[in-house]
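Working through the structure, step by step
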Amino acid sequence: MAATVLTGLARALLRYHGIVDRPNERSSHRVAVPRGGGIAVIGVLLAAWLALWLAGACASCGALFWIALAGALGLAALSWLDDVRGGLSVFLRLAVQVLAVGAGIVSLPGDGLILQGTVPAIVDHALAAAAWLWFVNLFNFMDGIDGLSGVEGASLGLGAFLLALLGAAPAGLGPLGLALAGVSLGFLLWNWHPARIFLGDVGSVPLGYLAGWLMLALAAAGAWQAALLLPAYYLADATITLVGRLLRGRRVWQAHREHFYQRVVVAGWSHQRTAALIAGHNLLLVGLAVASQQGWAAATAALAAGALLVATLLWYLHAAARASCGASTSA
């Protein structure tokens, strides 16, 4: 409720001050929309996580949990500056992300080892930091159509909550997941197509950072299969797309419309249909993540998730190709 109310207030203030996202050739919208609604979302989420920690509802988060919250706040401040003024160097933004992730590694619960001691601690932490940094950026890259970031945040939060509820993850992570799902759904009421406000970098960057912390905390608690399965669609779509752009010599940080979900939107699918299908896909991933911790072999869950991802991405490519052929024939 707080996220919904404050997002509405933020929308009015952003419109008044002219902080809007104007459509261009790479946009998926046709009218100017206020940008920066994430300032309300992140504000509520940080307040909720801090309150839960101070109240002892997240004892498993550890004494250094505040470092992760401070890292998210720093990323939000820098991203807000970029949303308002624009033109911040890619290298400056990346450097601040590296600092936030590097500091945040020490805030992970327990020993923070996501591979449970199978590799030296320094290697484990380096791999975790690299994965976290990538997740922060892919969450930002994937924020390209109405409703998608809200759907993803709600899915990740719901998954973490269910894992904790069923005893497959530390109980303290459950309230954090529930808060993440709640603020994401609260924002989604404003961001569902046609969107009346966008997250902006002030929302997508720190939201990816906090969601990434939650996934790493699950992995450090032994639920690393679930931590990979929950965001599997985002990981697959963003990684395949951006590696492809890199191999073609394109700048991966520049805006584009080459993600799988963007291709079907360009081909004529509505934002609602695309976001709803990804929501359904994510719910299946939540089920597989829970099953992987409840007696299913990890390999079985991974194979099922892999088959689901391949089928989804190929379906998107097929649908986009059919629409393009249809358009060419009509012309």
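Our subject is the structure listed above.
Quick caveat, the model's predicted, so the values are computed rather than measured.

Looking now at the overall build of the protein. Scanning the protein from N- to C-terminus turns up 13 helices and two strands. Computed over C-alpha atoms, the radius of gyration of the protein comes to 19 Å, within 12% of the 20 Å expected from 2.2 N^0.38 for 331 residues, which places it in the range of a compact globule. Projecting the C-alpha coordinates of the protein onto the three principal axes gives extents of approximately 60 × 45 × 40 Å. Relative to its full complement of 331 residues, the protein shows a buried share of 51%. Relative to all contacts within the protein whose residues are 6 or more apart in sequence, the contacts with residues 24 or more apart total 73%. The averaged location of the 12 negative side-chain charges in the protein is 11 Å from the averaged location of its 17 positive side-chain charges.

Glancing now at helix α3 (residues 65-85). Taking 1.5 Å of rise per residue, 21 residues should cover 30 Å, and α3 covers 31 Å from first to last C-alpha, within 8% of that figure. Taken together, the buried positions of α3 are Phe 65, Ile 67, Ala 68, Leu 69, Gly 71, Ala 72, Leu 75, Ala 76, Leu 78, Ser 79, Asp 82 and Asp 83. Elements in contact with the buried residues of α3: α2 (38-54), α4 (90-104), α7 (173-191) and α8 (201-220). One or two steps after α3, the chain reaches Gly 86, where phi turns positive at roughly 75°.

Right, let's talk about the nonpolar core for a bit. Grouped together as the largest cluster of nonpolar side chains are 88 residues, with contacts concentrated most on Trp 49, Leu 176, Tyr 209, Trp 213, Leu 214, Leu 218 and Tyr 233. If one sorts the elements of this core by residue count, α8 sits on top with 13 residues. In this view, Trp 49 contacts Phe 65, Leu 69, Leu 176, Ala 179, Leu 180, Leu 210, Trp 213 and Leu 214; residues no more than four positions away in its chain are not counted.

Let's shift gears to the pattern of salt bridges. When the charged atoms of two side chains with opposite charge come close together, those side chains can pair. Here the structure, examined in full by the defined rule, presents five salt bridges. Here Arg 93 makes a salt bridge to Asp 82, at a shortest N to O gap of 3.5 Å. Taken as a pair, Arg 93 in helix α4 and Asp 82 in helix α3 lie far apart in primary sequence, eleven residues in all. For Arg 93, a relative accessible area of 27% translates into the label partly exposed. Between Glu 258 and Arg 248 there is a salt bridge, and its shortest N-O distance comes to 2.6 Å.

All right, on to the packing of aromatic side chains then. Per the counting criterion, the structure on display carries eleven aromatic pairs. Pairwise contacts between aromatic rings join Trp 49, Trp 53, Phe 65 and Trp 213 into one cluster. Its guanidinium or amino end placed over the ring of Trp 269, Arg 273 lies 3.9 Å from that ring's centre, counting from NZ or CZ.

Turning to the packing of helix α6 (residues 148-165) against α8, a few remarks are in order. Contact geometry for α6 and α8: axes closest at 11 Å, N-to-C directions at 30°. The orientation of α6 with respect to α8, classified from their angle, is roughly parallel. Seen from above, α6 lies across α8 with left-handed handedness. Between α6 and α8, the residues in contact are Leu 156, Ala 160 and Leu 163 and Ala 211, Leu 214, Met 215 and Leu 218, respectively. Its residues assigned to classes, the contact of α6 with α8 shows seven nonpolar, no polar and no charged.

The next subject is a nonpolar patch on the surface. Together, Leu 115, Ile 122, Val 123 and Leu 127 make up an exposed nonpolar region whose accessible area comes to about 350 Å². Mapped onto the elements, Val 123 comes out in helix α5 (residues 121-141). Exposure remark for Val 123: the relative accessible area of 36% places this residue in the partly exposed category.

Roughly 320 Å³ of internal volume is contained in the second largest pocket. As for the second largest pocket, its lining consists of 16 residues, and the residues nearest its centre are Ala 131, Leu 216, Ala 227, Leu 228 and Leu 235. Elements with a contribution of two residues or more to the lining of the second largest pocket: α5, α8 and α9 (224-229). With five residues, the top contributor of residues to the lining of the second largest pocket is α5. For the lining of the second largest pocket, the per-class residue count stands at 15 nonpolar, one polar and no charged.

Another aspect to go through is the environment of Pro 109. Position of Pro 109 among the secondary structure elements: in the loop between α4 and α5. What makes Pro 109 buried here is its relative accessible area of 14%. A C-alpha to C-alpha distance of 24 Å links Pro 109 and Leu 288, two positions 179 residues apart in sequence.

On to the state of the cysteines. Within the structure shown, the criterion is met by one disulfide. Disulfide partner of Cys 58: Cys 61, at an S-S distance of 1.5 Å. On the sign convention where negative is left-handed, the bridge of Cys 58 and Cys 61, at about 50° about the S-S bond, is right-handed.

Let's shift gears to unusual backbone geometry. Here His 193 and Pro 194 are connected by a cis peptide whose omega angle stands at -5°. Of note, Pro 194 is situated in the loop between α7 and α8. The residue Gln 116 is not glycine, and still its phi comes out positive at about 50°. Of note, Gln 116 is situated in the loop between α4 and α5.

Reading the values: rules and limits
Residues numbered from 1 in each chain as written. Predicted model: local features only at pLDDT ≥ 70, side-chain atom pairs only at ≥ 80, totals over all residues. Heavy atoms only, no water. Helix = DSSP H or I, 4+ residues; strand = E, 2+ residues; numbered from the N terminus. Rg over C-alpha atoms; globule rule 2.2 N^0.38 Å. Buried < 20%, exposed > 50% of the residue type's maximum accessible area, 1.4 Å probe, protein only. Contact = heavy atoms within 4.5 Å. Lys, Arg positive; Asp, Glu negative; His and termini not counted. Charge placed at Lys NZ, Arg CZ, Asp CG, Glu CD. Expected span 1.5 Å × (residues − 1). Core = buried A, V, L, I, M, F, W, Y, C linked by side-chain atoms within 4.5 Å. Salt bridge = Lys/Arg side-chain N within 4 Å of Asp/Glu carboxyl O. Phe/Tyr/Trp six-rings, centres within 6.5 Å; stacked < 30°, edge-to-face > 60°. Lys NZ or Arg CZ within 6 Å of the ring centre and 35° of its normal. Axes fitted to C-alpha atoms, helices over the stretch in contact; angles between N-to-C directions. Parallel < 35°, antiparallel > 145°, perpendicular 65-115°, else oblique. Left-handed = near helix turned anticlockwise from the far one by under 90°. Nonpolar A, V, L, I, M, F, W, Y, C, P; charged D, E, K, R; others polar. Patch = residues over 30% accessible without salt bridge, like charges linked within 9 Å, V, L, I, M, F, W, Y side chains within 5 Å. Areas by Shrake-Rupley, 256 points an atom, 1.4 Å probe, with all protein chains shown as cover. 1 Å grid on protein atoms, 1.4 Å probe; cavity = no way out; pocket = protein on both sides within 12 Å on 5 of 7 lines; lining within 4 Å. Points joined across faces, edges and corners; volume = space filled by probe spheres on them. Disulfide = S-S within 2.5 Å.

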